[in-house]
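In case you want the letters, here they are:
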Amino acid sequence: MTAASETHAGTPAAPGPDDLIVVRGVNKYYGKLHALKDVNLTVKRGEVVVIIGPSGSGKSTLCRTINRLETISDGEILLDGQALPQEGKALAKLRAEVGMVFQSFNLFAHKTILENVTLGPVKVRGMAKDAADTLGRDLLERVGVESQVLKYPAQLSGGQQQRVAIARALAMEPKAILFDEPTSALDPEMINEVLDVMVDLAKKGMTMIVVTHEMGFARTAADRVVFMADGAIVEENTPEEFFNNPRSERAKDFLSKILTH
């Protein structure tokens, strides 16, 4: 899939029926720091978009704006044709439709693994507890930690906790899942067990935006690689084209540093 998205200059095209997430002309300032610079990006249903780039390039900030964990200074972000709500119940509904998996797991320490996964469906979706428990167990089996359902997060490895976090996101039956450097806090031997779950999700058609340093995942699971630097999207392409034939000097420099080690 090629860069089926944006026009970085000029007016982006109107969203099509398959355009699930549309970012148009988004800027974000932290005081004088211009963290996102006129970002345009479209993600289609079932597409896996991997965002890479050097530290401080705006990758995580962009990811967090899509479910309004960060507000934007100007521009607009659409989810399934609707502008992101500002606050209140509409924002809570949006967050139920866009799952998020963080670097640091963010599990509730005082709740069991099963309770962590079922809390959202019960509290937000209004699902009956028995139905939520069945769903939770099915999802924990899907991510390979079904034997841990009654344990607490501190009793699990980092890789197991991150797989629970993915199950928790899936329990809300989201339209898309955002992954913000989901493996960067893990020991090397635990990274693959999380990436394997993510690859499986990609194969099953989950719409995903993944901020990561894992170039192997970008090569094998992404439909499109988006390269950011200094708060802007510098280029985007299929993994094969991006890794084998980067167009910008900035991307060539980045790849030369990370792919030679």
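Please read these numbers as outputs of a predicted model, since none were measured by experiment.

Participant: Looking at this structure, how should I read the nonpolar core?
Facilitator: Nonpolar side chains in soluble globular proteins generally cluster together in the buried interior. In this structure, Ile52, Leu140, Ile166, Phe179, Met198 and Met208 are the most contacted members of the largest nonpolar core, which totals 50 residues. Among the elements that line this core, the one with the most residues is helix α6 (residues 188-203), at eight residues. Setting aside residues no more than four positions away along its own chain, leucine 140 makes contact with Ile113, Leu114, Val117, Val145, Glu146, Val149, Val164 and Ala167. Core analysis: the next-biggest nonpolar cluster, separate from the first, contains 28 residues, Val23, Val26, Leu41 and Ile233 among them.

Participant: How should the pattern of salt bridges be read in this particular structure?
Facilitator: Any two side chains of opposite charge can pair if their charged atoms end up close together. Enumeration over the complete set of coordinates arrives at 15 salt bridges. Put simply, glutamate 249 and lysine 252 hold a salt bridge, and the shortest N to O gap is 3.5 Å. Remark: lysine 252 and glutamate 249 occur in helix α9 (residues 249-258); sequence separation between them is three residues, near one turn of the helix. When its relative accessible area of 36% is taken as the criterion, lysine 252 is described as partly exposed. Counted as one network, the salt bridges with shared partners bring together Arg45, Asp80, Glu97 and Lys175.

Participant: Would you mind going over the UniProt feature "domain: ABC transporter" (unreviewed entry) in the chain with me for this structure?
Facilitator: Cross-referencing UniProt, the feature "domain: ABC transporter" (unreviewed entry) maps to residues 21-255 in the present numbering. Between the end C-alpha atoms of residues 21-255 there is a gap of 27 Å, over a span that is 39% helix and 26% strand.

Participant: Would you mind going over the packing of helix α5 (residues 158-171) against α6 with me for this structure?
Facilitator: A pair of packed helices is captured by two measures, namely the crossing angle of their axes and the spacing between those axes. Where α5 contacts α6, the axes come no closer than 8 Å and their chain directions differ by 20°. Between α5 and α6, the crossing angle belongs to the class labelled roughly parallel. Note on packing geometry: the crossing formed by α5 with α6 is right-handed. Across the interface between the two elements, Gly158, Gly159, Gln160, Gln162, Arg163, Ile166 and Leu170 from α5 touch Met190, Glu193, Val194, Val197, Met198 and Leu201 from α6. For the contact of α5 with α6, a count of residues per class yields seven nonpolar, four polar and two charged.

Participant: Looking at this structure, I do not really get the sheet that holds strand β9 (residues 224-229). What am I missing?
Facilitator: Strand pairs in the sheet, formed through backbone hydrogen bonds, run parallel or antiparallel to each other. Judged by pairing direction, the sheet is mixed, and its six strands sit side by side in the order β6-β7-β8-β3-β9-β10 without closing on themselves. Where the open sheet ends on each side, the last strands, each with one partner, are β6 (98-101) and β10 (232-237). Neighbour-to-neighbour, the strand axes of this sheet turn through a mean angle of 20°, independent of strand direction. Bridge analysis of β6 against strand β7 (residues 176-180) gives four bridges, and the strand direction is parallel. Opposite methionine 100, over in β7, you have leucine 178 as the bridge partner. Across the sheet, helix α2 (residues 88-97) lies against β6 and β7, angled at about 65° from β6, the strand it touches most. Relative to the sheet, α6 contacts β3 (48-52), β7 and β8 (207-211), its axis offset from that of β8 by approximately 145°.

Participant: I'm lost on the packing of helix α3 (residues 113-123) against α5 in this one. Help?
Facilitator: Where α3 meets α5, the closest approach of the two axes is 8 Å, and the angle between their N-to-C directions is 25°. If you check the angle between α3 and α5, you find them roughly parallel. Note that α3 runs across α5; the crossing there is right-handed. When α3 is examined against α5, the residues Ile113, Asn116, Val117 and Pro121 are found in contact with a partner set consisting of Val164, Ala167, Arg168 and Ala171.

Participant: Where do I start with the side chain of threonine 65 in this structure?
Facilitator: By the secondary structure assignment, threonine 65 is in helix α1 (residues 59-65). Of note is the side chain of threonine 65, whose polar atom sits 2.6 Å from the backbone oxygen of leucine 62. Look past the residues within four positions of threonine 65 in its chain and what remains in contact with it is Leu36, Glu70, Thr71, Ile72, Ile77 and Leu84.

Participant: Can you help me understand the packing of aromatic side chains in this one?
Facilitator: The way to describe two aromatic rings as a pair is by their centre distance and the angle between their planes. Within this structure, the stated rule accounts for three aromatic pairs. Relative to phenylalanine 242, the ring of phenylalanine 227 lies with its centre 5.9 Å away and its plane at 35°, an arrangement referred to as tilted. One end of the pair, phenylalanine 227, is in strand β9; the other, phenylalanine 242, is in helix α8 (residues 239-244), with 15 residues separating them in the sequence. Judged by its relative accessible area of 0%, phenylalanine 242 falls in the buried class. Residues phenylalanine 227 and phenylalanine 254 carry aromatic rings whose centres are separated by 5.2 Å and whose planes lie at 45° to one another, so their mutual orientation is tilted. In this pair, phenylalanine 227 is assigned in strand β9 and phenylalanine 254 in helix α9, connecting sequence segments 27 residues apart. For phenylalanine 227, a relative accessible area of 0% gives the class buried.

The rules behind the values
- Residues numbered from 1 in each chain as written.
- Predicted model: local features only at pLDDT ≥ 70, side-chain atom pairs only at ≥ 80, totals over all residues.
- Heavy atoms only, no water.
- Core = buried A, V, L, I, M, F, W, Y, C linked by side-chain atoms within 4.5 Å.
- Buried < 20%, exposed > 50% of the residue type's maximum accessible area, 1.4 Å probe, protein only.
- Helix = DSSP H or I, 4+ residues; strand = E, 2+ residues; numbered from the N terminus.
- Contact = heavy atoms within 4.5 Å.
- Salt bridge = Lys/Arg side-chain N within 4 Å of Asp/Glu carboxyl O.
- UniProt positions renumbered as here; feature names shortened; annotations may be inferred.
- Axes fitted to C-alpha atoms, helices over the stretch in contact; angles between N-to-C directions.
- Parallel < 35°, antiparallel > 145°, perpendicular 65-115°, else oblique.
- Left-handed = near helix turned anticlockwise from the far one by under 90°.
- Nonpolar A, V, L, I, M, F, W, Y, C, P; charged D, E, K, R; others polar.
- Pairing = 2+ DSSP bridges.
- Polar contact = N/O pair within 3.5 Å; in protein donor to acceptor, adjacent residues only side chain to side chain.
- Phe/Tyr/Trp six-rings, centres within 6.5 Å; stacked < 30°, edge-to-face > 60°.

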